[in-house]
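Topology and contacts: notes
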2 protein chains.
Amino acid sequence: MKIAILGGTGSIGEGFALRWALNNEIIIGSRTLKKAQNAAQSYLSEMKSYGFDISGVRIRGTDNYIAAAEADIVILTVMFNHVFSMLESVYDTLENKILVTPVVPMNKVGDYFVYSPPPQGSAALAIKEAVPASTRVVSVYHNIAACKLKDMKCQVEYDAVICSDDEDARKILFDLTHEIGCLRPLDGGPLAVSNMVESITPLLLNLGVLNGLEDVGVRFC
Amino acid sequence: MKIAILGGTGSIGEGFALRWALNNEIIIGSRTLKKAQNAAQSYLSEMKSYGFDISGVRIRGTDNYIAAAEADIVILTVMFNHVFSMLESVYDTLENKILVTPVVPMNKVGDYFVYSPPPQGSAALAIKEAVPASTRVVSVYHNIAACKLKDMKCQVEYDAVICSDDEDARKILFDLTHEIGCLRPLDGGPLAVSNMVESITPLLLNLGVLNGLEDVGVRFC
């Protein structure tokens, strides 16, 4: 699979790149070409430092548009308030593609994070409205701590609840989630119920601060 | 502590009764006196069948009003659509008491459960509006499977996120949660963010059906 990680120069983008690079071709997208290229280079170095033979590993950086255009699957690793201008800028590249959203709309009110969905009810439903009808939107990976995702020695297994209206796309994300190694994929149902998964993220941030827990994830058992 | 379990004749009420009866006095409330008395009797038998010496165990049944009036702490184990008529009927008994709500407003839309909060934003906030100003509302135990709660041999440890605006009440619920034995109490912040805990329950129900998981709970790690 060719996977574009849009806005992929941050911690969470790094995590996906490292975890998927052994089995897939990774294209880091950024608004700044140079930033994307530097990130790609540093992710390769990071893999080498973990002891992987990177001679066959393909991670490269380019601008968001080219990254999305060249990929089979596009994942959005940007803040909610940047999502829609980004989607507008890559709109036509998304025809018939799988678009993965781990995006969570949230705000801080006083000392606490709160879930702040748009009028559509969730980031996932708002994103579905902002892409071509042929784009298959999958909502997943909201509740994953970036620090644990990019730590390839992390053995703790978290759950990744997958919401989508497209069964083929859901299956592909099940497989990609297994490849990550520290995540168990779970079927969460249609995109319409993504709000209940997205809203766990601000809760996790609050629980971390209030209870002295670090990089909190979730497990359903 | 004297704990009233209002609407306590169902599975979840049974779970709380069995778990707390070793250290507390339990008053089962029901709209029907006889039903409450029968439930109390059967919970005592259940404890005996687990091998506990029940000579000092106090579980009794009465109507909801008397149960609430005689208790230090009142827990609501009724469906969301029954909560407000019940609160109206016991209103004056709740002055200065701790009121515990594990109540989750949810509906089924098609094949899936969805979180359906009232205009206040959560069951907890709506309940706070419906009780005396002196009542200290604590929102907790939404995500606990009744079957596991009432199985006193259940060793799996789940998380119970506690939201309240009253620190003393939160502390008391921390202690009561430890007494339950299969739950880890976590501070979730103020009542205003209870919606993010309540909305996990319909998600758990969906995850159970879609992934063949039974009596699903949640663990933050």
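What you see is a predicted model, and the numbers here were worked out from it, not measured in a lab.

Details of the pattern of salt bridges
By the definition in use, this model includes 24 salt bridges over all chains. Where A:Asp175 meets A:Lys171, a salt bridge forms, and the shortest distance between an N and an O atom there is 3.2 Å. Pair noted here: A:Asp175 and A:Lys171 are both in helix H7 (residues 167-180), with a separation of 4 residues, about one helical turn. The residue B:Arg219 makes a salt bridge to B:Glu157 at a minimum N-O spacing of 3.2 Å. Highlighted residues: B:Arg219 in strand S11 (residues 218-220) and B:Glu157 in the loop between helix H6 (146-150) and strand S9 (158-164), separated in sequence by 62 residues.

Thoughts on the sheet that holds strand S1 (residues 2-6) of chain B
All names here are of chain B. In space, the 8 strands of this open sheet follow the order S3-S2-S1-S4-S5-S8-S9-S10, with mixed pairing throughout. With one partner strand each, in any of the chains shown, strand S3 (59-63) and strand S10 (183-189) form the two edges of the open sheet. The sheet shows a mean angle of 25° between the axes of neighbouring strands, taken without regard to direction. Judged from the 5 bridges that link them, S1 and strand S2 (residues 25-30) form a sheet pairing that is parallel. Its bridge partner lying in S2, Lys2 is registered against Glu25. Along the sheet, helix H2 (residues 33-49) contacts S2 and S3; its crossing angle with S3, the most-contacted strand, is approximately 170°. Lying on the sheet, helix H7 (residues 167-180) is in contact with S1, strand S4 (73-76), strand S5 (98-101), strand S8 (136-139), S9 and S10; it crosses S10 at an angle near 160°.

Structural notes on the packing of aromatic side chains
By the definition in use, this model includes 8 aromatic pairs over all chains. Ring geometry for B:Phe16 against B:Trp20: centres 5.0 Å apart, planes inclined by 20°, an arrangement best described as stacked. Taken as a pair, B:Phe16 and B:Trp20 lie in helix H1 (residues 11-20) at a separation of 4 residues, close to a single helical turn. The exposure classification of B:Phe16 matches that of B:Trp20, with both residues buried. Clustering of aromatic rings is evident, with ring pairs tying together A:Phe16, A:Trp20 and A:Tyr141.

Considering the interface of chain A and chain B
Residue-level contacts link 34 residues of chain A with 34 residues of chain B. Across the chain A to chain B interface the summed buried area is about 2500 Å²; carbon plus sulfur atoms make up 72%. The three residues of chain A that bury the most area against chain B are A:Met196, A:Leu203 and A:Cys221, which together make up 26% of that side's buried surface. Taken together, chain A and chain B are joined by 8 residue pairs in polar contact (both at pLDDT 80 or more). Elements that contribute at least two residues to the side of chain A that touches chain B include exactly strand S7 (112-115), strand S9 (158-164), strand S10 (183-189), helix H8 (195-198), helix H9 (200-211) and strand S11 (218-220) of chain A. Residues belonging to the side of chain A that touches chain B are distributed by class as follows: 23 nonpolar, 6 polar and 5 charged.

Structural notes on H7(A)
Residues and elements named next belong to chain A. Relative to the 20 Å expected for 14 residues at 1.5 Å per residue, H7 spans 20 Å between its end C-alpha atoms, a close match to the ideal helical length. Looking at H7, one finds that the buried residues are Ala169, Arg170, Leu173, Leu176, Thr177 and Ile180. Looking straight down H7, one finds its buried side chains confined to an arc of 125°; they lie on one side. Exposed and facing more than 90 degrees away from the buried side of H7 are Glu167, Asp168, Lys171 and His178. Backbone nitrogen of Asp168 and a side-chain oxygen of the N-cap are separated by 3.1 Å at the start of H7; the cap is Asp166. Downstream of H7 by one or two residues, Gly181 has phi in the positive range, about 100°.

Some details on the sheet that holds strand S1 (residues 2-6) of chain A
All names here are of chain A. Pairing is mixed in the open sheet, where 8 strands are placed in the order S3-S2-S1-S4-S5-S8-S9-S10. The open sheet is flanked by strand S3 (59-63) and S10, the only strands paired with a single partner. Here the average twist between neighbouring strands, direction ignored, is 25°. Helix H4 (residues 80-90) contacts S1, strand S4 (73-76) and strand S5 (98-101) of the sheet and is inclined by roughly 155° relative to S4.

Structural notes on the pairing of S2(B)
All names here are of chain B. S2 sits mainly inside the fold: 6 of its 6 residues count as buried. Every second residue of S2 is oriented toward a common face, with Glu25, Ile27 and Gly29 on one face and Ile26, Ile28 and Ser30 on the other, all of them buried. Taking the sense of rotation as the criterion, the β-α-β connection linking S1, H1 and S2 turns out right-handed. Taken together, the 5 bridges between S2 and S3 define a ladder with parallel strand orientation. Following the sheet pairing, Ile27 is matched in S3 by Arg60. Between the parallel elements S2 and S3, the chain passes through H2 in a crossover that is right-handed.

Some remarks on the side chain of B:Asp187
Mapped onto the elements, B:Asp187 comes out in strand S10. Judged by relative accessible area, which is 13%, B:Asp187 ranks as buried. A polar side-chain atom of B:Asp187 sits 2.9 Å from the main-chain amide nitrogen of B:Gly189. Discounting residues that sit within four places of it in the chain, B:Asp187 has contacts with A:Leu207, A:Leu210, A:Asn211, B:Ile162, B:Arg170 and B:Phe174.

Let's talk about the state of the cysteines
Each disulfide is one covalent bond, formed between the sulfur atoms of two cysteines. All names here are of chain A. Considering all chains together, one arrives at 0 disulfides over all chains under this definition. Just so you know, Cys154 is unpaired, no disulfide at all, and the nearest cysteine sulfur is the one on Cys182, 5.0 Å from it. Counting only cysteine sulfurs, Cys221 is the nearest neighbor of Cys163, a cysteine outside any disulfide, at a range of 19 Å.

Rules and cut-offs
- Residues numbered from 1 in each chain as written.
- Chains lettered and ligands numbered in written order.
- Predicted model: local features only at pLDDT ≥ 70, side-chain atom pairs only at ≥ 80, totals over all residues.
- Heavy atoms only, no water.
- Salt bridge = Lys/Arg side-chain N within 4 Å of Asp/Glu carboxyl O.
- Helix = DSSP H or I, 4+ residues; strand = E, 2+ residues; numbered from the N terminus.
- Pairing = 2+ DSSP bridges.
- Axes fitted to C-alpha atoms, helices over the stretch in contact; angles between N-to-C directions.
- Contact = heavy atoms within 4.5 Å.
- Phe/Tyr/Trp six-rings, centres within 6.5 Å; stacked < 30°, edge-to-face > 60°.
- Buried < 20%, exposed > 50% of the residue type's maximum accessible area, 1.4 Å probe, protein only.
- Buried area = accessible area lost by both parts, 1.4 Å probe.
- Polar contact = N/O pair within 3.5 Å; in protein donor to acceptor, adjacent residues only side chain to side chain.
- Nonpolar A, V, L, I, M, F, W, Y, C, P; charged D, E, K, R; others polar.
- Expected span 1.5 Å × (residues − 1).
- Arc of directions from axis to C-beta.
- Right-handed = clockwise from strand over helix to strand, strands pointing away.
- Disulfide = S-S within 2.5 Å.

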